[in-house]
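Spelled out from the first residue to the last, the chains are:
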Amino acid sequence: MDVTVAADRAALVKARDSLGPGRIALVPTMGALHEGHRSLVRLAREHADHVVVSVFVNPLQFGPHEDFSRYPRTFDADLRVCEEEGAGVVFAPSAEDMYLPDRQVEVSAGGMGGTAEGAFRPGHFDGVLTVVLKLFNLVRPDVAVFGQKDAQQLALIRRMTADLDVPVSIVAAPTVREPDGLALSSRNRYLSEDDRRTALALSRALSAGAARARTGPAGVLDAARAVLEEAARFDPPLLLDYLILADPATFAPVGGDHRGEAVLAVAAKVGTTRLIDNMVLTL
Ligand code: AMP
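Just so you know, these numbers come straight off a predicted model, no measurement behind them.

This paragraph deals with the pairing of strand β6 (residues 169-173). Pairing of strand β5 (residues 143-147) with β6, which is carried by 5 bridges, proceeds in the parallel orientation. Pairing of V143 across the sheet is with S169, part of β6. In this fold, β5 hands off to helix α7 (residues 151-163), which returns the chain to β6; that crossover is right-handed.

Written out as structure tokens, the structure reads:
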């Protein structure tokens, strides 16, 4: 079956309405699709009869000094991926089409949008939630699939659907990794061979933390921090933004006596590339 490309909102509404009966799943992406995105589309197909993939590098979620202009754009290859994985519609609007020139209203991520990743990227999650809510309203999916790779984003999207009564079920997809542990990311293509070697410390730190889950929060954080501190002396060095052991639903740091689930999340720069990763642990 051929995939229909909708290049603006009007075409999307038309393509969506011609999908026929059955459940619709949405997979929002910023393109430069890799094996992680493929796994999301496959999971979406398990939950619905039709899959809509959006490919949109959302200017609202990038800070003024972030990589919006150099974010990888590989639309022809993305289209092939969507076709191979059985998506019915690819929605790829321009920013001018997505955002009205006189737009005023945005979604606020609240306090949860200012912690962890949000503390380093002010306004990022407001931009994410705004575009996701717009995509929900345009596509009107029954279900939407998001990667655990962006754990705080996933938590905030669940929070938004609960707080704003958005009638979309949220499905989480596990993080797809390279054989050596590096989490797949569209930004990995920026990494030189040396950068990549240093970048492996992220997943190694998370695994080291996970191996200490039985000892409690302090042991987890100490083990992860030791790996990251070692990598700070590599060439190129790993420059840590944060390491946090947080409640997976609220992203508030867990207390020293916490037991049960927690997400160990890390963000760091290697060369000019900023990477994030996380693992969910049971303490
Ligand atoms: P992005 O294109 O980076 O905005 O990501 C689009 C979706 O793919 C988000 O829900 C991400 O969490 C998810 N994603 C990104 N990388 C991975 C990965 N390595 N494994 C699974 N899902 C991923």
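Pairing in this open sheet of 3 strands is antiparallel, and the strands run β7-β8-β9 from one edge to the other. Each end of this open sheet is capped by a strand with a single partner; those strands are β7 (238-246) and β9 (273-282). Neighbour-to-neighbour, the strand axes of this sheet turn through a mean angle of 15°, independent of strand direction. As paired strands, strand β8 (residues 261-270) and β9 are joined by 10 bridges and run antiparallel to one another. Directly across from K269, in β9, lies its bridge partner R274. Each of β7, β8 and β9 touches helix α8 (residues 193-211); the most contacted strand, β9, lies at about 15° to it. Sitting on the sheet, helix α9 (residues 217-231) is in contact with β7, β8 and β9, with an inclination near 170° to β7.

Each turn of an α-helix holds 3.6 residues, which means side chains three or four residues apart point in the same direction. Taking 1.5 Å per residue, 16 residues should reach 22 Å; helix α6 (residues 124-139) reaches 22 Å between its end C-alpha atoms and fits that length. By the criterion of burial, α6 is predominantly enclosed, with 13 of the 16 residues buried. Among the residues trailing α6, R140 stands out with phi positive, at a value near 50°.

This part takes up the site of the ligand. By nearness alone, 17 residues border the ligand, and M30, G147, D150, V176 and L184 come closest of all. Interatomic distance of 2.9 Å between a backbone N/O atom of L184 and a nitrogen atom of the ligand. When the ligand is considered free in solution it has 490 Å² of accessible area, and contact with the protein chains removes 92% of it. Secondary-structure elements contributing two or more residues to the shell around the ligand are β2 (24-29), α2 (35-47) and β5. In terms of residue count, the dominant contributor to the shell around the ligand is α2 (3 residues).

Moving on, we come to unusual backbone geometry. Of note, the amide linkage connecting D235 to P236 takes the cis form, showing an omega dihedral of 0°. Within the secondary structure layout, P236 lies in the loop between α9 and β7. Look at D165: it is not a glycine, yet its phi comes out positive at around 55°. By the element assignment, D165 lies in the loop between α7 and β6.

What counts and how
- Residues numbered from 1 in each chain as written.
- Predicted model: local features only at pLDDT ≥ 70, side-chain atom pairs only at ≥ 80, totals over all residues.
- Heavy atoms only, no water.
- Pairing = 2+ DSSP bridges.
- Helix = DSSP H or I, 4+ residues; strand = E, 2+ residues; numbered from the N terminus.
- Right-handed = clockwise from strand over helix to strand, strands pointing away.
- Axes fitted to C-alpha atoms, helices over the stretch in contact; angles between N-to-C directions.
- Contact = heavy atoms within 4.5 Å.
- Expected span 1.5 Å × (residues − 1).
- Buried < 20%, exposed > 50% of the residue type's maximum accessible area, 1.4 Å probe, protein only.
- Near = heavy atom within 4 Å.
- Polar contact = N/O pair within 3.5 Å; in protein donor to acceptor, adjacent residues only side chain to side chain.
- Areas by Shrake-Rupley, 256 points an atom, 1.4 Å probe, with all protein chains shown as cover.

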